[in-house]
Amino acid sequence: MTLNAPVKVMLCDDSAAARAVMARMLATDPGIEVIAKATDGSDAVAQVTAMKVPDRPQVILLDLEMPRMDGMTALPHLLRVAPETSIIVASALSQRGAKATMEALRAGAVDYVPKPSAAAGGMNGGQFQAELVAKVKGWARMRRRGATAPMPAMRPAMQAPPARPLAAAIGTAAAAAAGLLKPRIIAIGSSTGGPQALAALVAKLNRPIGVPVVAVQHMPAGFTTLLADHLNRIGTLPCSEAKDGEALLPGRFYLAPGDRHLLVKEAGQGFVAQLSDGPPENFCRPAVDPMLRSLVAACQGKVLAAILTGMGSDGLAGSRALVAAGGQVLAQDEASSVVWGMPGAVAKAGIAAAVTTIEDIAERIVAAGGNGRRT
(Lines give C-alpha, C1' and ligand atoms only; values in the text may rest on other atoms or scores of the structure.)
Protein backbone atom coordinates (compact mmCIF):
# COMPACT_ATOMS: atom_id res chain seq x y z
CA MET A 1 0.00 0.00 0.00
CA THR A 2 1.40 3.38 -1.04
CA LEU A 3 0.63 6.68 0.62
CA ASN A 4 -1.12 7.89 -2.54
CA ALA A 5 -3.30 4.80 -2.93
CA PRO A 6 -7.05 5.34 -2.50
CA VAL A 7 -8.52 4.75 0.94
CA LYS A 8 -10.21 1.34 0.95
CA VAL A 9 -13.64 1.43 2.56
CA MET A 10 -16.25 -1.14 3.62
CA LEU A 11 -19.88 -0.08 4.01
CA CYS A 12 -21.92 -2.04 6.54
CA ASP A 13 -25.62 -1.14 6.61
CA ASP A 14 -28.75 -3.27 6.36
CA SER A 15 -30.34 -0.65 4.09
CA ALA A 16 -29.45 -1.14 0.43
CA ALA A 17 -30.50 2.45 -0.22
CA ALA A 18 -28.14 3.77 2.48
CA ARG A 19 -25.26 1.71 1.12
CA ALA A 20 -25.93 3.00 -2.40
CA VAL A 21 -26.11 6.65 -1.29
CA MET A 22 -22.90 6.46 0.74
CA ALA A 23 -21.10 4.60 -2.06
CA ARG A 24 -22.17 7.31 -4.51
CA MET A 25 -20.98 10.06 -2.19
CA LEU A 26 -17.60 8.45 -1.57
CA ALA A 27 -17.12 7.75 -5.27
CA THR A 28 -17.03 11.49 -5.95
CA ASP A 29 -13.59 11.59 -4.33
CA PRO A 30 -10.86 9.80 -6.33
CA GLY A 31 -8.96 9.26 -3.10
CA ILE A 32 -11.57 6.80 -1.82
CA GLU A 33 -12.52 3.34 -3.09
CA VAL A 34 -15.43 1.28 -1.73
CA ILE A 35 -14.12 -2.28 -1.85
CA ALA A 36 -16.83 -4.14 0.05
CA LYS A 37 -20.43 -3.87 1.24
CA ALA A 38 -22.01 -5.83 4.10
CA THR A 39 -25.65 -6.20 5.07
CA ASP A 40 -25.12 -6.63 8.82
CA GLY A 41 -22.43 -7.09 11.44
CA SER A 42 -21.98 -10.83 10.95
CA ASP A 43 -21.57 -10.32 7.19
CA ALA A 44 -18.92 -7.65 7.80
CA VAL A 45 -16.99 -9.83 10.26
CA ALA A 46 -17.08 -12.79 7.86
CA GLN A 47 -15.90 -10.71 4.89
CA VAL A 48 -13.05 -9.03 6.77
CA THR A 49 -11.93 -12.34 8.30
CA ALA A 50 -11.69 -13.88 4.84
CA MET A 51 -9.51 -11.06 3.50
CA LYS A 52 -5.72 -11.01 3.55
CA VAL A 53 -4.34 -8.14 5.61
CA PRO A 54 -3.22 -6.01 2.61
CA ASP A 55 -6.68 -6.33 1.07
CA ARG A 56 -8.65 -5.28 4.13
CA PRO A 57 -10.49 -1.96 4.30
CA GLN A 58 -8.69 0.86 6.04
CA VAL A 59 -12.02 2.32 7.14
CA ILE A 60 -15.32 0.60 7.92
CA LEU A 61 -18.52 2.64 8.05
CA LEU A 62 -20.61 0.64 10.51
CA ASP A 63 -24.32 1.21 11.08
CA LEU A 64 -25.26 0.66 14.71
CA GLU A 65 -28.87 -0.44 14.21
CA MET A 66 -29.10 -3.61 12.12
CA PRO A 67 -30.90 -6.98 12.37
CA ARG A 68 -29.09 -10.29 13.09
CA MET A 69 -25.91 -8.66 14.38
CA ASP A 70 -25.96 -4.94 15.12
CA GLY A 71 -22.97 -2.65 14.92
CA MET A 72 -22.28 -2.54 18.64
CA THR A 73 -22.08 -6.35 18.75
CA ALA A 74 -19.90 -6.49 15.64
CA LEU A 75 -17.50 -3.75 16.77
CA PRO A 76 -15.28 -5.81 19.13
CA HIS A 77 -15.16 -8.69 16.63
CA LEU A 78 -14.04 -6.35 13.84
CA LEU A 79 -11.43 -4.70 16.06
CA ARG A 80 -10.05 -8.11 17.00
CA VAL A 81 -9.93 -9.38 13.41
CA ALA A 82 -8.67 -6.13 11.87
CA PRO A 83 -7.06 -3.95 14.55
CA GLU A 84 -5.40 -1.89 11.82
CA THR A 85 -8.81 -0.70 10.54
CA SER A 86 -10.49 2.54 11.64
CA ILE A 87 -14.20 2.07 12.37
CA ILE A 88 -16.60 4.99 12.02
CA VAL A 89 -20.09 4.31 13.31
CA ALA A 90 -23.27 5.69 11.76
CA SER A 91 -26.00 6.58 14.20
CA ALA A 92 -29.52 8.00 14.14
CA LEU A 93 -30.05 11.54 15.41
CA SER A 94 -31.86 10.48 18.57
CA GLN A 95 -31.15 10.17 22.27
CA ARG A 96 -30.83 6.41 21.87
CA GLY A 97 -28.52 6.92 18.92
CA ALA A 98 -26.39 9.37 20.90
CA LYS A 99 -26.01 6.91 23.77
CA ALA A 100 -25.04 4.08 21.40
CA THR A 101 -22.54 6.35 19.67
CA MET A 102 -20.74 7.23 22.90
CA GLU A 103 -20.65 3.55 23.87
CA ALA A 104 -19.11 2.73 20.49
CA LEU A 105 -16.47 5.44 20.85
CA ARG A 106 -15.53 4.10 24.27
CA ALA A 107 -15.37 0.57 22.80
CA GLY A 108 -12.86 1.52 20.10
CA ALA A 109 -14.65 3.24 17.22
CA VAL A 110 -12.66 6.29 16.15
CA ASP A 111 -15.56 8.55 15.17
CA TYR A 112 -19.19 8.74 14.15
CA VAL A 113 -21.41 10.19 11.43
CA PRO A 114 -24.95 11.18 12.42
CA LYS A 115 -27.46 9.90 9.85
CA PRO A 116 -29.78 12.81 9.10
CA SER A 117 -33.53 12.24 9.14
CA ALA A 118 -35.73 12.48 6.07
CA ALA A 119 -37.07 15.78 7.44
CA ALA A 120 -33.54 17.18 7.38
CA GLY A 121 -32.97 16.12 3.78
CA GLY A 122 -31.86 12.59 4.57
CA MET A 123 -28.46 11.40 3.44
CA ASN A 124 -28.57 13.44 0.25
CA GLY A 125 -27.40 16.65 1.90
CA GLY A 126 -24.12 18.22 0.88
CA GLN A 127 -23.08 18.76 4.50
CA PHE A 128 -23.45 15.05 5.25
CA GLN A 129 -21.36 14.15 2.20
CA ALA A 130 -18.62 16.62 3.12
CA GLU A 131 -18.47 15.26 6.66
CA LEU A 132 -18.47 11.65 5.47
CA VAL A 133 -15.61 12.17 3.01
CA ALA A 134 -13.57 14.26 5.47
CA LYS A 135 -13.82 11.69 8.24
CA VAL A 136 -13.02 8.71 5.99
CA LYS A 137 -9.91 10.39 4.55
CA GLY A 138 -8.86 11.98 7.83
CA TRP A 139 -8.97 8.80 9.90
CA ALA A 140 -7.25 6.79 7.14
CA ARG A 141 -4.45 9.35 7.15
CA MET A 142 -4.20 9.18 10.92
CA ARG A 143 -4.07 5.39 10.80
CA ARG A 144 -1.28 5.48 8.23
CA ARG A 145 0.67 7.68 10.63
CA GLY A 146 -0.10 5.33 13.50
CA ALA A 147 -1.77 8.17 15.38
CA THR A 148 -5.17 6.70 16.23
CA ALA A 149 -6.12 5.61 19.72
CA PRO A 150 -9.37 4.80 21.47
CA MET A 151 -11.08 7.52 23.46
CA PRO A 152 -9.44 7.82 26.89
CA ALA A 153 -11.16 5.57 29.40
CA MET A 154 -13.25 6.91 32.25
CA ARG A 155 -11.43 7.07 35.56
CA PRO A 156 -12.80 4.86 38.34
CA ALA A 157 -15.26 6.62 40.61
CA MET A 158 -13.70 8.47 43.58
CA GLN A 159 -10.19 7.71 42.38
CA ALA A 160 -7.93 10.60 41.46
CA PRO A 161 -5.25 10.14 38.79
CA PRO A 162 -1.67 9.89 40.05
CA ALA A 163 -0.07 13.24 40.77
CA ARG A 164 2.67 14.46 38.46
CA PRO A 165 5.64 16.58 39.54
CA LEU A 166 5.17 20.25 38.80
CA ALA A 167 7.96 20.32 36.24
CA ALA A 168 6.53 17.31 34.43
CA ALA A 169 3.04 18.77 34.45
CA ILE A 170 4.17 22.00 32.85
CA GLY A 171 6.82 20.36 30.67
CA THR A 172 7.85 22.16 27.50
CA ALA A 173 5.23 24.84 28.05
CA ALA A 174 7.11 26.30 31.02
CA ALA A 175 9.44 28.30 28.85
CA ALA A 176 6.47 29.63 26.89
CA ALA A 177 4.33 30.38 29.93
CA ALA A 178 5.89 33.78 30.40
CA GLY A 179 4.71 34.67 26.91
CA LEU A 180 1.13 33.70 27.62
CA LEU A 181 -1.27 36.27 28.95
CA LYS A 182 -3.01 35.59 32.24
CA PRO A 183 -6.44 34.73 30.86
CA ARG A 184 -9.76 35.39 32.54
CA ILE A 185 -11.22 32.45 30.64
CA ILE A 186 -10.07 29.63 28.35
CA ALA A 187 -12.00 28.79 25.18
CA ILE A 188 -11.82 25.69 22.97
CA GLY A 189 -13.34 25.02 19.55
CA SER A 190 -13.44 21.71 17.67
CA SER A 191 -15.34 19.78 15.02
CA THR A 192 -14.36 16.71 12.97
CA GLY A 193 -12.31 14.43 15.22
CA GLY A 194 -13.15 16.69 18.15
CA PRO A 195 -14.62 14.19 20.61
CA GLN A 196 -11.34 12.25 20.63
CA ALA A 197 -9.28 15.44 20.76
CA LEU A 198 -11.32 16.88 23.62
CA ALA A 199 -11.06 13.63 25.55
CA ALA A 200 -7.27 13.60 25.11
CA LEU A 201 -7.07 17.26 26.14
CA VAL A 202 -9.26 16.93 29.23
CA ALA A 203 -7.30 13.86 30.34
CA LYS A 204 -4.15 16.01 30.37
CA LEU A 205 -5.65 18.89 32.39
CA ASN A 206 -4.46 17.31 35.61
CA ARG A 207 -3.83 20.41 37.71
CA PRO A 208 -6.30 23.02 38.98
CA ILE A 209 -7.33 25.61 36.41
CA GLY A 210 -7.96 29.00 38.01
CA VAL A 211 -10.44 30.20 35.36
CA PRO A 212 -13.54 28.80 33.61
CA VAL A 213 -13.10 26.72 30.45
CA VAL A 214 -15.77 26.99 27.73
CA ALA A 215 -15.90 24.80 24.63
CA VAL A 216 -17.83 24.38 21.40
CA GLN A 217 -17.86 21.01 19.64
CA HIS A 218 -19.91 20.76 16.44
CA MET A 219 -22.36 18.07 17.53
CA PRO A 220 -26.14 17.56 17.47
CA ALA A 221 -28.42 18.01 20.46
CA GLY A 222 -28.36 14.99 22.76
CA PHE A 223 -24.86 13.98 21.66
CA THR A 224 -23.26 16.89 23.55
CA THR A 225 -25.00 15.85 26.78
CA LEU A 226 -23.33 12.45 26.65
CA LEU A 227 -20.00 13.87 25.52
CA ALA A 228 -19.98 16.25 28.49
CA ASP A 229 -20.75 13.34 30.80
CA HIS A 230 -17.91 11.32 29.29
CA LEU A 231 -15.45 14.20 29.64
CA ASN A 232 -16.55 14.60 33.24
CA ARG A 233 -15.54 11.00 33.92
CA ILE A 234 -12.13 11.26 32.23
CA GLY A 235 -10.26 14.08 33.90
CA THR A 236 -10.13 15.99 37.15
CA LEU A 237 -11.97 19.03 35.76
CA PRO A 238 -15.74 18.87 36.39
CA CYS A 239 -17.42 18.99 32.95
CA SER A 240 -21.05 19.68 32.05
CA GLU A 241 -23.25 21.16 29.37
CA ALA A 242 -23.61 24.89 29.81
CA LYS A 243 -27.01 26.09 31.04
CA ASP A 244 -28.55 29.41 30.16
CA GLY A 245 -27.87 32.01 32.85
CA GLU A 246 -25.59 29.87 35.02
CA ALA A 247 -22.44 31.33 36.54
CA LEU A 248 -19.23 30.09 34.91
CA LEU A 249 -16.98 29.04 37.76
CA PRO A 250 -13.18 28.76 37.79
CA GLY A 251 -11.88 25.22 37.44
CA ARG A 252 -14.94 23.92 35.57
CA PHE A 253 -15.39 22.90 31.92
CA TYR A 254 -18.58 23.98 30.11
CA LEU A 255 -19.60 22.45 26.78
CA ALA A 256 -22.04 24.19 24.45
CA PRO A 257 -25.23 22.14 24.08
CA GLY A 258 -26.13 20.88 20.62
CA ASP A 259 -28.19 23.30 18.50
CA ARG A 260 -27.48 26.28 20.80
CA HIS A 261 -24.77 28.90 20.50
CA LEU A 262 -22.81 29.42 23.72
CA LEU A 263 -22.14 33.08 24.49
CA VAL A 264 -20.35 34.46 27.55
CA LYS A 265 -21.44 37.62 29.35
CA GLU A 266 -19.64 39.51 32.09
CA ALA A 267 -21.51 39.61 35.39
CA GLY A 268 -19.85 41.51 38.22
CA GLN A 269 -16.40 40.00 38.74
CA GLY A 270 -17.29 36.82 36.87
CA PHE A 271 -19.18 35.46 33.89
CA VAL A 272 -22.48 33.82 33.01
CA ALA A 273 -23.44 31.58 30.10
CA GLN A 274 -26.00 32.76 27.59
CA LEU A 275 -27.46 30.21 25.18
CA SER A 276 -28.69 31.54 21.86
CA ASP A 277 -30.99 30.24 19.13
CA GLY A 278 -29.41 32.64 16.66
CA PRO A 279 -28.88 31.48 13.08
CA PRO A 280 -26.15 28.91 12.34
CA GLU A 281 -22.74 30.32 11.47
CA ASN A 282 -20.37 28.47 9.19
CA PHE A 283 -23.29 26.01 8.78
CA CYS A 284 -23.05 25.17 12.49
CA ARG A 285 -24.95 25.72 15.71
CA PRO A 286 -23.24 25.76 18.11
CA ALA A 287 -20.41 27.59 16.36
CA VAL A 288 -17.04 28.75 17.62
CA ASP A 289 -17.11 32.28 16.16
CA PRO A 290 -20.09 33.56 18.22
CA MET A 291 -18.49 32.27 21.41
CA LEU A 292 -15.18 33.97 20.67
CA ARG A 293 -16.88 37.24 19.71
CA SER A 294 -18.75 37.27 23.00
CA LEU A 295 -15.51 36.65 24.87
CA VAL A 296 -13.83 39.66 23.24
CA ALA A 297 -16.49 41.88 24.82
CA ALA A 298 -16.79 40.00 28.12
CA CYS A 299 -13.06 39.65 28.85
CA GLN A 300 -11.55 42.66 27.05
CA GLY A 301 -9.44 40.18 25.10
CA LYS A 302 -7.95 38.41 28.12
CA VAL A 303 -8.68 34.98 26.65
CA LEU A 304 -6.57 31.97 25.74
CA ALA A 305 -8.28 30.04 22.93
CA ALA A 306 -7.42 26.69 21.36
CA ILE A 307 -8.72 25.69 17.93
CA LEU A 308 -8.66 21.94 17.51
CA THR A 309 -9.24 19.49 14.66
CA GLY A 310 -12.20 20.18 12.38
CA MET A 311 -13.18 20.86 8.80
CA GLY A 312 -14.06 24.32 7.56
CA SER A 313 -12.91 27.59 9.09
CA ASP A 314 -15.23 28.15 12.04
CA GLY A 315 -13.24 30.02 14.67
CA LEU A 316 -11.06 31.97 12.24
CA ALA A 317 -13.06 35.21 12.33
CA GLY A 318 -13.48 34.98 16.09
CA SER A 319 -9.76 34.28 16.54
CA ARG A 320 -8.86 37.34 14.47
CA ALA A 321 -11.06 39.51 16.68
CA LEU A 322 -9.65 37.91 19.81
CA VAL A 323 -6.02 38.45 18.81
CA ALA A 324 -6.78 42.03 17.77
CA ALA A 325 -8.17 42.59 21.28
CA GLY A 326 -5.02 41.20 22.90
CA GLY A 327 -5.96 37.55 23.33
CA GLN A 328 -3.95 34.52 22.25
CA VAL A 329 -4.85 31.51 20.13
CA LEU A 330 -3.29 28.06 19.96
CA ALA A 331 -3.87 25.81 16.94
CA GLN A 332 -3.62 22.03 16.81
CA ASP A 333 -0.95 20.89 14.38
CA GLU A 334 -1.72 19.13 11.10
CA ALA A 335 -0.05 15.84 12.05
CA SER A 336 -2.34 15.25 15.03
CA SER A 337 -5.53 16.65 13.47
CA VAL A 338 -8.05 14.39 11.76
CA VAL A 339 -8.95 17.35 9.52
CA TRP A 340 -6.68 20.39 9.52
CA GLY A 341 -9.38 22.82 8.45
CA MET A 342 -10.24 24.96 11.46
CA PRO A 343 -6.79 24.95 13.08
CA GLY A 344 -5.14 25.18 9.66
CA ALA A 345 -7.11 28.33 8.83
CA VAL A 346 -5.90 29.97 12.04
CA ALA A 347 -2.32 28.81 11.47
CA LYS A 348 -2.24 29.96 7.84
CA ALA A 349 -3.63 33.35 8.85
CA GLY A 350 -0.54 33.83 11.01
CA ILE A 351 -2.49 34.56 14.19
CA ALA A 352 -1.65 31.45 16.22
CA ALA A 353 0.73 31.88 19.14
CA ALA A 354 1.67 28.22 18.63
CA VAL A 355 0.78 25.39 16.24
CA THR A 356 1.27 22.26 18.27
CA THR A 357 -0.01 18.94 19.60
CA ILE A 358 -2.96 18.29 21.91
CA GLU A 359 -0.51 17.35 24.68
CA ASP A 360 1.35 20.63 24.38
CA ILE A 361 -1.88 22.62 24.16
CA ALA A 362 -2.97 21.01 27.43
CA GLU A 363 0.36 21.88 29.05
CA ARG A 364 0.06 25.49 27.89
CA ILE A 365 -3.48 25.71 29.24
CA VAL A 366 -2.31 24.37 32.60
CA ALA A 367 0.63 26.77 32.63
CA ALA A 368 -1.53 29.80 31.81
CA GLY A 369 -4.82 28.86 33.48
CA GLY A 370 -3.17 27.35 36.50
CA ASN A 371 -1.92 30.79 37.36
CA GLY A 372 -4.95 32.51 35.91
CA ARG A 373 -6.48 35.38 37.79
CA ARG A 374 -9.23 37.87 37.17
CA THR A 375 -7.86 41.20 36.06
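Look a little higher up for the structure.
Residues numbered from 1 in each chain as written. Predicted model: local features only at pLDDT ≥ 70, side-chain atom pairs only at ≥ 80, totals over all residues. Heavy atoms only, no water.

## What about helix H13 (residues 358-369)?
With 12 residues, H13 should reach 16 Å at 1.5 Å per residue; the first-to-last C-alpha distance of 16 Å fits that figure. Among all positions of H13, only Ile358, Asp360, Ile361, Ala362, Glu363, Arg364, Ile365, Val366, Ala367, Ala368 and Gly369 are buried. (Helix = DSSP H or I, 4+ residues; strand = E, 2+ residues; numbered from the N terminus. Expected span 1.5 Å × (residues − 1). Buried < 20%, exposed > 50% of the residue type's maximum accessible area, 1.4 Å probe, protein only.)

## Thoughts on the side chain of Glu131
Mapped onto the secondary structure, Glu131 falls in helix H5 (residues 126-144). If sequence neighbours within four positions are ignored, Glu131 has contacts with Tyr112, Pro114 and Met311. (Contact = heavy atoms within 4.5 Å.)

## Some details on unusual backbone geometry
In this model, Arg285 is joined to Pro286 through a cis peptide bond whose omega is 10°. Tracing the chain through its elements places Pro286 in the loop between strand S12 (270-276) and helix H10 (288-299). Positive phi, normally seen in glycine, also occurs at Arg68, with a value near 60°. Tracing the backbone shows Arg68 in the loop between strand S3 (59-63) and helix H3 (71-81). Judged by relative accessible area, which is 75%, Arg68 ranks as exposed. In this model, Asn282 sits at a positive phi of 55°, which is unusual for a non-glycine residue. Among the secondary structure elements, Asn282 is positioned in the loop between S12 and H10. By relative accessible area, which is 34% here, Asn282 ends up partly exposed.

## Some points on the nonpolar core
If you look at the biggest cluster of nonpolar residues, it comprises 59 residues, and the most contacted ones within it are Leu78, Ile188, Leu231, Phe253 and Leu308. Once residues within four sequence positions are removed from consideration, Leu78 is found in contact with Ala44, Val45, Val48, Ile60, Leu62, Pro83 and Ile87. The next biggest cluster of nonpolar side chains, apart from the first, holds 30 residues, and it includes Ala273, Leu292, Met342 and Ala345. (Core = buried A, V, L, I, M, F, W, Y, C linked by side-chain atoms within 4.5 Å.)

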